[in-house]
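Here's the letter readout for the chains.
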Amino acid sequence: MKTLPKEQRFETFSYLPPLSDAQIARQIEYTIQQGYFPCVEFSESSAPEQYYWTMWKLPLFNCSSPQEVLSEVQQCRSEYPNCFIRVVAFDNIKQCQVMSFIVHKPGSNNSGYRY
């Protein structure tokens, strides 16, 4: 068994290769199908000890397609290109966050929504 090399990791999916735009859209679609409310958040740091990120807008309560969320991600990215951006899913029954994953890292040369 080999130990992973020491490097900074970020939240859910960070141990996987970067998600494609289509894979991000499928994760958001799953979120919507489960009845969770997606929300876009941003922060200058993704340090594990930082618990609070800034909400881009209110959660997308009436969201019906991944493209709506991806559009908000793109707007946030245009406004705050030097920030980490993540998509969060809220469960209205449990009243808590149930999933989050980073879709943009500052300084990345990737186009689109990849993290």
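Just above sits the structure.
Calculation criteria
Residues numbered from 1 in each chain as written. Predicted model: local features only at pLDDT ≥ 70, side-chain atom pairs only at ≥ 80, totals over all residues. Heavy atoms only, no water. Buried < 20%, exposed > 50% of the residue type's maximum accessible area, 1.4 Å probe, protein only. Salt bridge = Lys/Arg side-chain N within 4 Å of Asp/Glu carboxyl O. Helix = DSSP H or I, 4+ residues; strand = E, 2+ residues; numbered from the N terminus. Axes fitted to C-alpha atoms, helices over the stretch in contact; angles between N-to-C directions. Parallel < 35°, antiparallel > 145°, perpendicular 65-115°, else oblique. Left-handed = near helix turned anticlockwise from the far one by under 90°. Contact = heavy atoms within 4.5 Å.

Student: Describe in detail unusual backbone geometry, supporting the description with residues and values.
Tutor: Even without being a glycine, Q95 presents a positive backbone phi close to 60°. Owing to a relative accessible area of 64%, Q95 belongs among the exposed residues under this scheme.

Student: Tell me about the pattern of salt bridges, and name the residues and values.
Tutor: Per the counting criterion, the structure on display carries two salt bridges. With its nearest N and O atoms 2.7 Å apart, the salt bridge here joins R86 to E41. Of this pair, R86 sits in strand β3 (residues 84–91) while E41 sits in strand β1 (residues 37–43), placing them 45 residues apart in sequence. When sorted by exposure, R86 lands in the same class as E41, which is buried. With a shortest N-O distance of 3.2 Å, E72 and K57 are connected by a salt bridge. Taken together, the residues span a long stretch of sequence, with E72 in helix α2 (residues 66–79) and K57 in the loop between β2 (54–55) and α2 at a distance of 15 residues. The exposure class assigned to K57 is partly exposed, which follows from its relative accessible area of 39%.

Student: Report on the packing of helix α1 (residues 21–33) against α2, specifying residues and quantitative values.
Tutor: Helix packing for two helices is described by the angle between their axes and how far apart those axes are. At a minimum axis separation of 9 Å, α1 and α2 run at an interaxial angle of 120°. In terms of orientation, α1 lies oblique with respect to α2. The element α1 and its partner α2 pack so that their crossing is right-handed. Mapping the contact onto sequence places I24, A25, I28, E29 and I32 in α1 and P66, V69 and L70 in α2.

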